[in-house]
Amino acid sequence: IEFSVPYYFNLAPNYDLTATPKLLSDRGVQLASEFRYLGSHQRGQVTVEYLANDKLAADELLTNRDRVLAKWNHVADFAQGWRARIDVANASDGRYFEDFAYDPAGTSITYLERTVALEYLDRNWSLLAELQNFQTIDQLIEPAARPYSTVPRIGAHGVWPRGRLGLSYSVDAEVVNFERNQGVRGARLDIEPEVGLRLARPGMFLTPALGWRYTRYSLRDRNPGEPENPERSAPIASLDAGLIFERGSGSHGQRTQTFEPRLLYVYVPFRDQTALPVFDTGLPD
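Residues numbered from 1 in each chain as written. Predicted model: local features only at pLDDT ≥ 70, side-chain atom pairs only at ≥ 80, totals over all residues. Heavy atoms only, no water.

### Overview of unusual backbone geometry
So, step 1. Note the cis peptide between valine 151 and proline 152, where omega equals 0 degrees.
So, step 2. Inspection of the secondary structure assignment puts proline 152 in strand β10 (residues 149–160).
So, step 3. Despite not being glycine, asparagine 64 has its phi angle at roughly 65 degrees, a positive value.
So, step 4. Here asparagine 64 shows up in the loop between β5 (42–51) and β6 (67–79). (Helix = DSSP H or I, 4+ residues; strand = E, 2+ residues; numbered from the N terminus.)

Here it is as structure tokens:
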């Protein structure tokens, strides 16, 4: 039997607290709290669930132990174009969601993400500096298959849609350091500049573009004989074209019909990438 009663505390116009004691007849008394705050340049929420001396844990090692789940979400816009984000969570043990979740989505949680990021955005640039790691909830996942921590990840995206000679210019760049207790580790540099030409007329457009992508690694703990600084370099050519047909419809012209055929062709020559490590992609579960 579960019985809970929420108590709402309107502490101030810009922050409040909801405390919910819950009686779990076979486990004990759990206290859940949700604290929300809102300022002129920041907002956030802190959530904590705490159960002392769990009497019915799925794992005998957790019986009569405290069970806790804590989350903190925070967003701060502290200067023009600058934003800080914090999104962290921690569970006291790997069986927490299996014991306390109420739906399949909850019991299927395998990782808890922790992210701290600093972002900048203006007319041409978006910049990101980020720290990210994961708490592994499903302890059956082998250490060699668990996600890497990115400490740090630094990325930049620049775009100039109306540059010299009527061309558009863009660049994507990223430097990431990947860490894990087991397996290969290291840093990756990835940069991709692109130049394009948008030709547009009423009802049609044509955009050819040409770019180049270069990736280089600096690796540690590789197997003997495997390269420590593999790299990849390839051009990328694309052609994006489309037509836009539009007409009024309906007895009073109250509707608009559109028909927009579009063709996108991208060419990248083959490169052998078997020597490159797999840091941030994986097979679907």
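That covers the picture; the talk isn't over yet.
### Observations concerning the packing of aromatic side chains
So, step 1. Evaluation of the coordinates by the stated rule reveals twelve aromatic pairs.
So, step 2. Plain terms: the ring middles of tyrosine 15 and phenylalanine 35 are 6.0 Å apart, the flat faces sit at 55 degrees to each other, and that makes the pair tilted. Taken as a pair, tyrosine 15 in strand β3 (residues 15–24) and phenylalanine 35 in strand β4 (residues 28–38) lie far apart in primary sequence, 20 residues in all.
So, step 3. Judged by its relative accessible area of 34%, tyrosine 15 falls in the partly exposed class.
So, step 4. With 6.2 Å between their ring centres and 20 degrees between their planes, phenylalanine 245 and phenylalanine 259 make a pair best called stacked. (Phe/Tyr/Trp six-rings, centres within 6.5 Å; stacked < 30°, edge-to-face > 60°. Buried < 20%, exposed > 50% of the residue type's maximum accessible area, 1.4 Å probe, protein only.)

### Describing the pattern of salt bridges
So, step 1. All told, the structure shown has 21 salt bridges when counted by the stated rule.
So, step 2. The partner of arginine 67 in a salt bridge is aspartate 93, with the nearest N and O atoms 2.7 Å apart. In this pair, arginine 67 sits in strand β6 while aspartate 93 sits in the loop between β7 (82–91) and α1 (96–100), placing the two residues 26 residues apart along the sequence. Accessibility assignment for this pair places arginine 67 and aspartate 93 in one class, buried.
So, step 3. Linking arginine 262 and aspartate 240 is a salt bridge whose minimum nitrogen-to-oxygen distance equals 2.5 Å. Here aspartate 240 lies in strand β15 (residues 231–243) and arginine 262 lies in strand β18 (residues 262–267), a separation of 22 residues in the sequence.
So, step 4. Residue classification places arginine 262 among the exposed positions, given a relative accessible area of 59%.
So, step 5. Relative accessible area serves as the criterion here: at 13%, aspartate 240 is assigned to the buried category.
So, step 6. The structure contains a network of salt bridges with shared partners spanning Arg85, Glu119, Glu130, Arg153, Glu174, Arg188 and Asp280. (Salt bridge = Lys/Arg side-chain N within 4 Å of Asp/Glu carboxyl O.)

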